[in-house]
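# Overview (structure and organization)
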Amino acid sequence: MSRLPFTPDEYGEIVSKLTPPSRHLRGYLRAFWVGGVICVLGQALTLWAETLSLGETTAPMFTTSVLVFLGTTLTGIGVYDRIGKYAGAGSAIPVTGFANSVAAPAIEFQREGAITGVGARLFTLAGPVLAYGIAASVLVGIVYWLIRGWVL
Amino acid sequence: MSRAGKQTFVYDRPPAIVAHASIAGPKEGQGPLAEWFDVVLEDDLLGQKSWELAEMEMVRRCVQRALNDAHMGEDAVQAMLGGDLNNQIIASSFAARALGIPFIGLYGACSTFVQALVLGSALISGGDLDNAVCAASSHFCTAERQFRFPLELGSQRPPQASWTATACGCALLTAPGEGHSGPLRTTCGTVGRVIDLNITDANHMGAAMAPAVFDCIAAHLSDTGRGAGDYDLIATGDLGWIGRNLLLELADAAGVALPPDRLIDCGASLFYQEQDAHAGGSGCGCVASVSCGWLMKRLEQGELRRLLLVGSGAMLSPTSSQQGQSVPGIAYAVAIERED
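## Let's talk about the overall build of chain B
Of the regular secondary structure elements, chain B holds nine helices and 15 strands. On C-alpha atoms alone, chain B measures out to a radius of gyration of 18 Å, which is about the 20 Å that the 2.2 N^0.38 rule sets for 340 residues. Its C-alpha atoms give chain B principal-axis dimensions of roughly 55 × 50 × 35 Å. In chain B, buried positions account for 60% of the 340 residues.

The structure is reproduced here in structure tokens:
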């Protein structure tokens, strides 16, 4: 016996009608400027690194290390989650966001110990990024190896 | 004890709510109901080593406070009924370990407190227990790590998301005629069905639970032959303000009269809009603390005479969500009335 006046489809429509939408334009603007600032910072670091004659391959590694250090530190002092709440993908996509996604579970799961806590949970959020990132780079490498004779 | 209709217990010997206590977290203590809570925590870790132990300590303190108010020792309490949102309801069972009260662990997600009142009242009315303490709790930090993300992760919530309340509520029920018992009685309780209208957004718990809440209220009214007008107030658990609007739509379409001015939601009442709780408060502690803090006190003051308290729960787990299952809802209703 059903007392419900709606089918799931009808109810779904009413739910979407009564649920306020996310404020997309505001979200895009915030993500754009915060993400942009992080990227400008990264570029500045790279340029600076080059003046220190770190070289073309070492300079980006230097930049990444500094940004990861920053992201981790800001997570540790409880600031990055506020930036993330404001900027969304603007602070999640850059490498500082990757650092945040590793540091946050490291802090959270300390109480479960070094092995089953931090060790096991460290990559719960970053794991998919690593797995598919590495898989994609292997795939691209194979494609490159196969076609380099024609392309280059 | 007798029954009415298919889903409702009628408590022929209506149990008395002799004492009740509520504890709210720091954020909840800045909300509109702050002055109604018995205790507002300054530190949501309560001096403990982990959030889980903090929630356990909150339950223990809350039960202790209700017992102190009733001048009753733990030894005199025959049963503690309760639960929380942690895996294997550890906050409640660990609190029961500390209190040494025989424990009946329950899980009705965020409806657990009302589930406990419905069952505790049934056991007392039926003569199986002389008294029982009903408690439920939730803690923002234990719920976040279990159901969502680590606290320090920089992520955004959608507008329909709710905010798990750090709160606990506890009510002590006794059989009628046991000493000085105050005016509050539980008179009937309705056990809801698990209802699923295929909401798959685990953030949108108000939408997932509203159909179950509607079904439970409709069952209660039809089983008891009462109308919504027989209650001064119908208080739902944690539908939030969007879920409350959905409940009104459902009632309207089904032709069940549910006057908006007599319908409040505990979750929607717990925070100010500026507190960034989005759709409102949620969690087992939400309906427990708001009813034990605010609503029962208003009943005692005589401002309300008959209250229908409807707990709402979303029966999801992280596993069911990850496997793409929809979110079923459950609800329990208990009528709390002044005896005089």
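So that's the structure; there's more coming.
## Overview of the environment of Gln 146 of chain B
All names here are of chain B. For Gln 146, the location among the structural elements is in helix α4 (residues 140-147). We classify Gln 146 as partly exposed; it has 15 C-beta atoms within 10 Å. Sequence-wise, Gln 146 and Met 58 are 88 residues apart; in three dimensions their C-alpha atoms are separated by 18 Å. Contacts of Gln 146, omitting those with residues within four sequence positions, involve Asn 86 and Asn 87.

## Thoughts on the domain arrangement of chain B
Residue and element names in this part refer to chain B. As far as domains go, chain B holds domain 1 (13-174) and domain 2 (184-338). Its C-alpha centre places domain 1 at a distance of 18 Å from the equivalent point of domain 2. Taken residue by residue, the interface counts 54 residues in domain 1 and 54 residues in domain 2. Looking at the side of domain 1 that touches domain 2, the element that brings in the most residues is helix α3 (residues 112-125), giving eight residues. Partitioning the side of domain 1 that touches domain 2 into residue classes produces 32 nonpolar, 17 polar and five charged.

## Side note on the pairing of strand β11 (residues 233-236) of chain B
Residues and elements named next belong to chain B. Residues of β11 alternate between two faces, with Leu 233 and Ala 235 on one and Ile 234 and Thr 236 on the opposite face, all of them buried. As paired strands, β11 and strand β14 (residues 306-314) are joined by four bridges and run parallel to one another. Within β14, the position partnered with Ala 235 by the bridge is Leu 309. Viewed along the sheet, the connection from β11 through helix α6 (residues 240-254) into strand β12 (residues 263-265) turns out right-handed.

## As for the confidence of the model for chain B
Predicted confidence across chain B gives a mean pLDDT of 96, with 99% of residues reaching 70 or more. Here the prediction assigns the complex a pTM of 0.95, and the interface score ipTM is 0.92.

## Structural notes on the interface of chain B and chain A
On the chain A side, the residues contacting the 28 residues of chain B number 33 residues. Secondary structure elements with two or more residues in the side of chain B that touches chain A: α5 (205-224) and α6 of chain B. Taken together, the residues of the side of chain B that touches chain A sort by class into 15 nonpolar, eight polar and five charged.

## Regarding helix α6 (residues 95-108) of chain A
Taking 1.5 Å as the rise per residue, α6 of chain A with 14 residues should run 20 Å; its terminal C-alpha atoms sit 20 Å apart, in good agreement. Among the 14 residues that make up α6 of chain A, eleven are buried, leaving the element largely enclosed by the rest of the structure.

## A closer look at the pairing of strand β15 (residues 329-338) of chain B
The two faces of the sheet receive side chains in turn, since in a regular strand these alternate between them. Residues and elements named next belong to chain B. When you tally the buried positions in β15, you get nine out of ten residues, the bulk of the element. Of the pairings in the sheet, the one linking strand β10 (residues 184-191) to β15 comprises seven bridges and is antiparallel in character. Counted as the bridge partner of Gly 189 is Val 334 from β15. Alignment of β14 against β15, held across nine bridges, turns out to be antiparallel. Residue pairing for β15: Arg 306 is matched across the bridge by Glu 337.

## Some remarks on unusual backbone geometry
Peptide bonds are trans in most cases, and residues, glycine excluded, mostly fall at negative phi. All names here are of chain B. Unlike most non-glycine residues, Asn 198 shows phi in positive territory, near 65 degrees. Positionally, Asn 198 belongs in the loop between β10 and α5. Asn 198 sits in the partly exposed class, given 15 other C-beta atoms within 10 Å. For Asp 276, which is not glycine, the phi torsion reads 65 degrees and is therefore positive. Among the structural elements, Asp 276 can be located in the loop between α7 (266-270) and β13 (281-282).

## A few points about the packing of α3 of chain B against helix α8 (residues 284-300) of chain B
All names here are of chain B. In contact at an axis separation of 7 Å, α3 and α8 are set at 60 degrees when each is read in the N-to-C sense. Classified by the angle their axes make, α3 and α8 are oblique. Between α3 and α8, the contacting residues are Thr 112, Phe 113 and Val 114 on the first element and Cys 284, Val 287 and Ala 288 on the second. Residue composition of the contact of α3 with α8, grouped by class: five nonpolar, one polar and no charged.

Thresholds applied
- Residues numbered from 1 in each chain as written.
- Chains lettered and ligands numbered in written order.
- Predicted model: local features only at pLDDT ≥ 70, side-chain atom pairs only at ≥ 80, totals over all residues.
- Helix = DSSP H or I, 4+ residues; strand = E, 2+ residues; numbered from the N terminus.
- Rg over C-alpha atoms; globule rule 2.2 N^0.38 Å.
- Buried ≥ 20, exposed ≤ 12 C-beta atoms within 10 Å, placed from the backbone.
- Contact = placed C-beta atoms within 7 Å.
- Domains from an automatic or database assignment.
- Nonpolar A, V, L, I, M, F, W, Y, C, P; charged D, E, K, R; others polar.
- Pairing = 2+ DSSP bridges.
- Right-handed = clockwise from strand over helix to strand, strands pointing away.
- pLDDT = per-residue confidence, 0-100.
- Expected span 1.5 Å × (residues − 1).
- Axes fitted to C-alpha atoms, helices over the stretch in contact; angles between N-to-C directions.
- Parallel < 35°, antiparallel > 145°, perpendicular 65-115°, else oblique.

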